[in-house]
Amino acid sequence: MIQSEIYDIEAYMQIGQDGYQFLKKIAPLTQENQWQPFSEEGGFKIHIRPDPETGLCLTRGEGFLPYTVDEIFAIIEDIPIRPKYDGICESGQIIRRFSDELMLFYQKFKSMFFVISSRDFVVISRKIVEGDFTYAIGKSLEHPNHPPIKGVVRGDLKIGGWILEKREGGTFCIFVTWADPKGMLPKKAVNIVAGAQGKVVQQIKLLLDERKKNVNK
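Residue numbering note: each chain is counted from 1, following its sequence as written. Residues qualify for local features only when their pLDDT is at least 70, as the model is predicted, and side-chain atom pairs are given and counted only at 80 or more; totals for whole chains, interfaces and linings, by contrast, use all residues. As a rule here, side-chain values cover all heavy atoms of the structure and leave hydrogens and water aside.

- Identification of the protein as START domain-containing protein from Paramecium tetraurelia is taken from an unreviewed UniProt entry.

What follows is the structure, encoded as structure tokens:
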């Protein structure tokens, strides 16, 4: 028997709204938020923040891209191409797009060491526009039509979000992610993930640069 598709749009919108409020609170580099410098390269900065309650590490990447919000958002919402700018993402696919501002998608992330299994996530994503700011908020959930896969650990994305601010000559981008990969992970693996995830802002710029270069050939 084929299970019918089950979606709760109202609940998904509320998840996105809650994530939006949390992202606005946690993203600023304030003393209260306790972000710690992790690395800086070519104007792209990465900060991390260990969460005292869970012990999990939040990651924050930022940088200016000489591209429009629409050009950048087109990359972010194109889930299948994420492996091109996220070094630990193996694959992704859109499960269902409900509207221009709401979609459900699936992502699988690579195992980093022979002792660590791949992780995957089912994520609801909402887009919110507020003046010169565009927010893309993601949070994982359990869905009856997309249960865990044998041999892959189902992780919990507590928050994954983009803040795209329109500025003269381009867009200032902030990317924040906080995920529970489940299971026991060595500190080395956590730090590698933090660095890799924080680099996605810079990697999106490189991807857009390459596309521009190919168009101008």
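There is more to say, and it comes next.
### Quick word on helix H1 (residues 9-26)
Phase 1: Compared with an ideal rise of 1.5 Å per residue, which puts 18 residues at 26 Å, H1 spans 26 Å between its outermost C-alpha atoms and is within 8% of the ideal.
Phase 2: Exposed residues in this analysis have more than 50% of their type's maximum accessible area, buried residues have under 20%, and partly exposed residues fall in between, with area computed by a 1.4 Å probe over protein chains only. Think of it this way: any DSSP run of H or I at least four residues long counts as a helix, any run of E at least two long counts as a strand, and we number them from the N terminus. Within H1, burial applies to Tyr12, Gly16, Gly19, Tyr20, Leu23 and Ile26. Down the axis of H1, the sector holding all buried residues measures 140°, keeping them to one side. Turned more than 90 degrees off the buried face of H1, the exposed positions are Glu10 and Lys25. A helix's residues, less one, multiplied by 1.5 Å, set its expected span. Relevant arc is that of directions from the helix axis to the C-beta atoms, nothing else.

### Points about the pattern of salt bridges
Phase 1: For this document, the term salt bridge refers to a Lys or Arg side-chain nitrogen within 4 Å of an Asp or Glu carboxyl oxygen. One pass over the full model with this rule turns up ten salt bridges.
Phase 2: Of the charged contacts, one joins Arg167 and Glu165 as a salt bridge, the two residues approaching to 3.1 Å between their closest N and O atoms.
Phase 3: For Arg167, a relative accessible area of 40% gives the class partly exposed.

### Things to note about the packing of aromatic side chains
Phase 1: Paired rings are identified among Phe, Tyr and Trp, the last through its six-membered ring, by centres lying within 6.5 Å, and are further divided according to the angle between planes into stacked (under 30 degrees), edge-to-face (over 60) and tilted (the rest). Applying the stated criterion across every chain yields a total of seven aromatic pairs.
Phase 2: Taken together, a centroid distance of 6.0 Å and an interplanar angle of 25° make the contact between Phe22 and Trp178 stacked. Linking Phe22 in helix H1 with Trp178 in strand S10 (residues 170-180), this pair joins segments that are 156 residues apart in sequence.
Phase 3: Taking relative accessible area as the criterion, Phe22 reaches 29% and is therefore assigned partly exposed.
Phase 4: For Trp178, a relative accessible area of 13% gives the class buried.
Phase 5: Ring pairing ties together the aromatic residues Tyr7, Tyr12 and Phe98, which thus form one cluster.
Phase 6: Sitting over a ring, as applied to charges here, requires NZ of Lys or CZ of Arg to be within 6 Å of the ring centre and within 35 degrees of the ring normal. One Lys or Arg, Lys127, reaches over the ring of Phe73 and ends 4.4 Å from the middle of that ring.

### Quick word on the nonpolar core
Phase 1: Among buried residues, the Ala, Val, Leu, Ile, Met, Phe, Trp, Tyr and Cys ones that are joined through side-chain atoms within 4.5 Å form a nonpolar core. One finds Leu65, Ile72, Trp162, Leu164 and Ile204 to be the most contacted residues of the largest nonpolar core, which totals 20 residues.
Phase 2: Those elements that place two or more of their residues in this core are helix H2 (69-76), strand S9 (156-167), S10 and helix H4 (200-215).
Phase 3: Contact between two residues is taken to exist if any of their heavy atoms lie within 4.5 Å; hydrogens are not considered. Setting aside chain neighbours within four positions, we find Leu65 in contact with Phe44, Ile72, Gly169, Gly170, Thr171, Cys173, Val201, Ile204, Lys205 and Leu208.
Phase 4: With 16 residues, the next largest nonpolar core counts Leu23, Leu56, Ile137 and Phe172 among its residues.

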